[in-house]
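Coordinate inspection notes
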Amino acid sequence: MNLIAVVSNNFDAFITVVVLIMSIILFIKNTIAPELTGLLCVGIFIATGVLSPEKALAGFGSPSLITLMGLFAVSSALFKSGALDRVRELISSESIRTPRKLISLIAFLIAPISGIVPNTPVVASLLPLIEGWCERRNISPSKVLLPLSFATLLGGTLTLLGSSVNLLVSDISQQLGYGALELFSLTSVGIPVWLIGTTYMILVSDVLLPDRGRDKEFIKNGDMNIYFTEVTIPSNSELVGQSVRNSRLQRRFDVDVLELQRNGKVILPPLADRKIEPDDRLIIRVTRADLFRLQQEHTILLGENKTSFDGANVFSDDEGTKTFEALLPAGSTLAGASLRELRFRQRHNATVLALRRGQQTVQERLGQAVLRAGDVLLLQAPLDSIRGLQASNDLLILDQFEDDLPFLIKKPISIAIAIGMVVLPSVSNIPLVGSVLLAVIAMVACGCLRPAEIQKSIRLDVILLLGSLSCFSVAMKETKLDQLIVENMKFVIDGMPLYFALVVIFVSTVILTQFISNAASVALILPVAIKFSSENLNVLPISASALIMLVLFGASQSFLTPMGYQTNLMVYGPGRYRFFDIAKYGAGLTLIMSFTVPALIILNYG
């Protein structure tokens with residue numbers, strides 16, 4: 001059957017194809033936030049009559065989405081009660097002294113935790129701790145941070161709770177008539193994948209992970225926190241009258257001056273012999289610790305805070321203010337605009353002190369620098385503003401604030417509730433969504449979580465994205481477009497041995513996942529892949545359940561690009577990785593999984 005001819009004669013199918021192509025372009029270009037792309041598609045399907053409102057919005061009321069919302073709250077309670085304190089102690093242990101030992105600990109301990117707790121908060125919680133470990137051991141963060149991301153991705157396929165994508169697959173499977181996934185449906189394939197991936201990460205880490213932290217151009221005196229910022233020289237600074245070369249900026253603090261601005265004129269390097277004058281503005285490369293020290297001694301004023309310094313210390317915690325780091329995640333609405341255009345200070349009641357951007361040099365004035373996904377901002381704000389930023393999807397706070405944590409006496413209670421949440425569906429007829437909701441209520445009743453914190457813990461961007469994406473599978477089924485696509489794809493895999501056909505489907509999913517979100521790749525590929533099963537067109541002699549698992553694991557293999565998954569982007573800047581560093585370390589793992597996962601699928605479902 002000619003796909004083009006059918007689409008041209010079927011208005012609903014034509015609209016569906018246009019929406020699919022448009023969504024892929026928007027997901028790749030990231031012109032608007034992914035969740036807005038999903039909502040746009042829902043709106044078009046409803047407005048054109050392709051789907052009724054009930055069918056288009058069915059994903060927002062699915063048990064899987066409610067389960068995910070409850071899981072966010074349970075995870076928040078676990079972190080706030082200090083459930084990962086023991087893990088943090090192990091990482092800081094004196095017995096963990098080499099990158100390989102730390103990677104082994106991460107792979108065998110953190111990955112299983114990611115099978116129950118969403119991996120994004122796990123990485124956010126451990127990132128500052130591992131950076132501190134690197135600084136104490138004089139080891140580059142690039143030798144250990146990428147395995148942290150990969151380990152949580154591998155651990156996310158151990159159970160249904162490990163990833164929001166798992167729950168989306170369960171939801172689509174149920175919508176298409178194949179039933180929801182069970183809590184441990186993934187485990188028989190997930191455990192071998194985790195063990196094989198862990199072995200690979202440990203064995204090749206010394207060879208394939210770069211040592212970016214020892215690049216003298218970027219890391220000096222063993223410090224790993226290089227920022228770019230703009231400072232002003234006050235009239236009473238001891239730097240006045242000194243040359244840049246002979247000033248304590250370089251003699252004591254080893255600060256790099258990248259640009260000097262004087263009376264509205266820009267003076268570029270070489271600057272070593274330039275005399276420093278009052279009110280000069282300098283763009284500098286400096287460590288966080290040195291920036292704090294220079295400000296405390298009133299040697300410099302931060303450019304964005306000139307009016308706030310009158311003997312005051314911007315880094316003090318007076319009146320509840322805190323200095324902290326925040327990451328711009330993928331999809332942040334702040335990306336693509338400068339701080340001045342965003343009116344960041346006025347909107348968020350927070351001051352940007354400095355900017356860190358991987359290994360790239362930021363040579364613009366701080367207020368004029370255009371923000372990018374992956375940037376790390378050094379911020380100062382009152383606690384109330386910090387809580388507002390924590391609830392936002394535009395910034396991911398990388399520091400923990402002790403004031404937000406309940407008494408540690410709640411730790412064993414929260415852990416017991418989480419274990420009960422996992423065990424209950426396995427030993428009773430209570431469905432997973434019921435178990436998760438009961439766990440949320442138990443966390444609140446036992447004081448592990450305040451009612452107001454439930455709403456704050458829920459990632460609205462994830463909920464909107466997953467709830468909207470299910471409309472793709474419904475639209476493709478309603479217009480019979482999935483069947484048409486399958487019939488036109490049969491020539492590729494028809495006649496292939498089962499194993500190689502599964503490899504083709506798996507690799508196609510992996511490739512698409514590198515450029516659009518894994519949730520979007522699942523929503524696009526799964527309805528088509530299922531049609532090849534023995535229950536449908538019988539193109540492949542294998543069940544729909546097997547193909548569901550194949551696509552799920554393919555969408556979880558985000559080992560090639562920083563944009564492939566949120567946690568890759570979270571470690572990209574702090575690890576000072578370059579774009580192809582991730583592909584270099586992850587290509588072998590992707591290749592191994594491309595041949596291993598299809599074999600495991602056949603072994604378990606064939």
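Here, every reference points to the structure presented above.
Remember, it's a predicted structure, so these values are computed and weren't measured experimentally. (Residues numbered from 1 in each chain as written. Predicted model: local features only at pLDDT ≥ 70, side-chain atom pairs only at ≥ 80, totals over all residues. Heavy atoms only, no water.)

1. Some details on the overall build of the protein
Regarding its fold elements, the protein presents 26 helices and 9 strands. A burial count over the protein gives 57% of its 606 residues as buried. In the protein, 78% of the contacts between residues at least 6 apart in sequence involve partners at least 24 apart. With an accessible surface of roughly 24,100 Å², the protein has 59% of that area assigned to carbon and sulfur atoms. (Helix = DSSP H or I, 4+ residues; strand = E, 2+ residues; numbered from the N terminus. Buried < 20%, exposed > 50% of the residue type's maximum accessible area, 1.4 Å probe, protein only. Contact = heavy atoms within 4.5 Å. Areas by Shrake-Rupley, 256 points an atom, 1.4 Å probe, with all protein chains shown as cover.)

2. What about the pattern of salt bridges?
Across all of its chains, the model carries 6 salt bridges by this definition. Across the pair Asp206 and Arg100 runs a salt bridge whose closest N-O atoms are separated by 3.3 Å. One end of the pair, Asp206, is in helix H11 (residues 187-208); the other, Arg100, is in helix H7 (residues 99-113), with 106 residues separating them in the sequence. Residue class for Asp206 comes out partly exposed when judged on its relative accessible area of 44%. A salt bridge links Arg262 to Glu277, with the nearest nitrogen and oxygen atoms 3.5 Å apart. Residue Arg262 is located in strand E2 (residues 256-262), and its partner Glu277 is located in the loop between strand E3 (265-267) and strand E4 (281-287); the two are separated by 15 residues in the primary sequence. In this structure Arg262 comes out as buried when scored by relative accessible area, which is 14%. Taken together, the shared-partner salt bridges in this structure form one network comprising Arg262, Glu277 and Asp280. (Salt bridge = Lys/Arg side-chain N within 4 Å of Asp/Glu carboxyl O.)

3. Describing the nonpolar core
It is characteristic of soluble globular proteins that their nonpolar side chains tend to be buried jointly. Formed by 166 residues in total, the largest nonpolar core has its most connected members in Ile130 and Leu540. Among all residues touching Leu540, those that are not within four sequence positions of it are Ile493, Leu498, Ala501, Leu502, Ile505, Phe532, Ser533, Ser534 and Leu547. Counting residues in hydrophobic clusters, the runner-up holds 22 residues, among them Phe324, Leu334, Leu371 and Leu383. (Core = buried A, V, L, I, M, F, W, Y, C linked by side-chain atoms within 4.5 Å.)

4. Considering the packing of helix H2 (residues 11-29) against helix H3 (residues 34-47)
Axis separation between H2 and H3 bottoms out at 10 Å; the angle between their running directions is 170°. Taken together, H2 and H3 sit at an angle that is classed as roughly antiparallel. Counting all contacts with H2, which are made through Ile15, Thr16, Val19, Met22, Ser23, Leu26 and Phe27, the residues of H3 involved are Pro34, Thr37, Leu40, Cys41, Ile44 and Phe45. Here the residues of the contact of H2 with H3 sort into 10 nonpolar, 3 polar and no charged. (Axes fitted to C-alpha atoms, helices over the stretch in contact; angles between N-to-C directions. Parallel < 35°, antiparallel > 145°, perpendicular 65-115°, else oblique. Nonpolar A, V, L, I, M, F, W, Y, C, P; charged D, E, K, R; others polar.)

5. Points about the pairing of strand E8 (residues 376-382)
When you tally the buried positions in E8, you get 6 out of 7 residues, the bulk of the element. Relative to E8, strand E6 (residues 321-327) runs antiparallel, the two being bridged by 7 bridges. Bridge pairing in E8 places Phe324 opposite Leu379. The pairing of strand E7 (residues 351-356) with E8 spans 5 bridges and is antiparallel. Bridged to Leu355 within E8 is Leu377. (Pairing = 2+ DSSP bridges.)

6. Some details on the packing of aromatic side chains
Applying the stated criterion to the full structure yields 6 aromatic pairs. With centroids separated by 6.4 Å and ring planes inclined at 85°, the aromatic side chains of Phe45 and Phe472 adopt a geometry described as edge-to-face. Here the residue Phe45 occupies a position in helix H3, and Phe472 occupies one in helix H20 (residues 460-478), the gap between them amounting to 427 residues. Phe472 carries the same exposure label as Phe45, and that label is buried. Centre to centre, the rings of Phe150 and Tyr585 are 5.5 Å apart; their planes meet at 15°, and the pair counts as stacked. Here Tyr585 lies in helix H26 (residues 579-605) and Phe150 lies in helix H9 (residues 145-155), a separation of 435 residues in the sequence. The pair Phe150 / Tyr585 is uniform in exposure class, with both members buried. (Phe/Tyr/Trp six-rings, centres within 6.5 Å; stacked < 30°, edge-to-face > 60°.)

7. Brief notes about the pairing of strand E1 (residues 226-232)
Across the 7 residues of E1, 7 count as buried, placing the element largely inside the fold. The alternating pattern of E1 places Ile226, Phe228, Glu230 and Thr232 on one face and Tyr227, Thr229 and Val231 on the opposite face, and all of these are buried. Where E1 lies against strand E5 (residues 301-302), 2 bridges are found, and the strand directions are antiparallel. The residue of E5 that forms the bridge with Thr232 is Leu301.

8. What about the packing of helix H5 (residues 63-80) against helix H17 (residues 411-427)?
The contact between H5 and H17 brings their axes to 9 Å, and the two run at 150°. For the element pair H5 / H17, the angle class is roughly antiparallel. Every pair of crossing elements has a handedness; the one defined by H5 and H17 is left-handed. Mapping the contact onto sequence places Leu71, Val74, Ala77 and Leu78 in H5 and Ser414, Ile415, Ala418 and Met421 in H17. Residue composition of the contact of H5 with H17, by class: 7 nonpolar, 1 polar and no charged. (Left-handed = near helix turned anticlockwise from the far one by under 90°.)

9. Topic: the environment of Leu90
Along the chain, Leu90 falls in helix H6 (residues 85-91). Leu90 gets classed as partly exposed once you look at its relative accessible area, which sits at 28%. Once the C-alpha coordinates of Leu90 and Leu102 are considered, the two residues, 12 residues apart in sequence, prove to be 9.5 Å apart. If we skip the residues at most four places from it in the chain, Leu90 touches Ile96, Leu105 and Leu109.

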